[in-house]
Amino acid sequence: MSDVVVKDSNGTVLQDGDSVTLTKDLKVKGTSETLKRGTLVKNIRLTGKPDEVECNTKKVKGLVLKTQFLKKA
């Protein structure tokens, strides 16, 4: 898994435990929640896929986000 490089929308390399900010409002599938642009998400986990990270927010647990909508905080 260490050979997979995960980058945010600006090309910055992301690591386990980083904090990221959303660059776009995102609707969460299966819920009525919308994560707003600028929301800070702390302590992300890499999934082994170069375009996805796992995280928890205050409202939604076990969320998988696409890195194209994230920037490193």
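Conventions adopted
- Residues numbered from 1 in each chain as written.
- Predicted model: local features only at pLDDT ≥ 70, side-chain atom pairs only at ≥ 80, totals over all residues.
- Heavy atoms only, no water.
- Pairing = 2+ DSSP bridges.
- Helix = DSSP H or I, 4+ residues; strand = E, 2+ residues; numbered from the N terminus.
- Buried < 20%, exposed > 50% of the residue type's maximum accessible area, 1.4 Å probe, protein only.

Peer 1: Please explain the sheet that holds strand E1 (residues 20-22) as it appears in this structure.
Peer 2: Sheet strands pair via backbone hydrogen bonds, and the direction of the pair is either parallel or antiparallel. One open sheet accounts for three strands, arranged E4-E1-E8; its pairing is antiparallel. The outermost strands of the open sheet, each flanked by one partner alone, are strand E4 (40-41) and strand E8 (70-72). Summarising the sheet, E1 and E4 pair through two bridges and their orientation is antiparallel. Counted as the bridge partner of Thr 21 is Leu 40 from E4.

Peer 1: Could you clarify how one ought to interpret the pairing of strand E7 (residues 63-66) in this entry?
Peer 2: Remember that side chains alternate between the two faces of the sheet whenever the strand is regular. Going residue by residue along E7, you find Leu 63 and Leu 65 tucked away on one face and Val 64 and Lys 66 left uncovered on the opposite face. Bridging between strand E6 (residues 52-55) and E7 involves four bridges; their strand directions are antiparallel. Of the residues in E7, the one forming a bridge with Glu 54 is Val 64.

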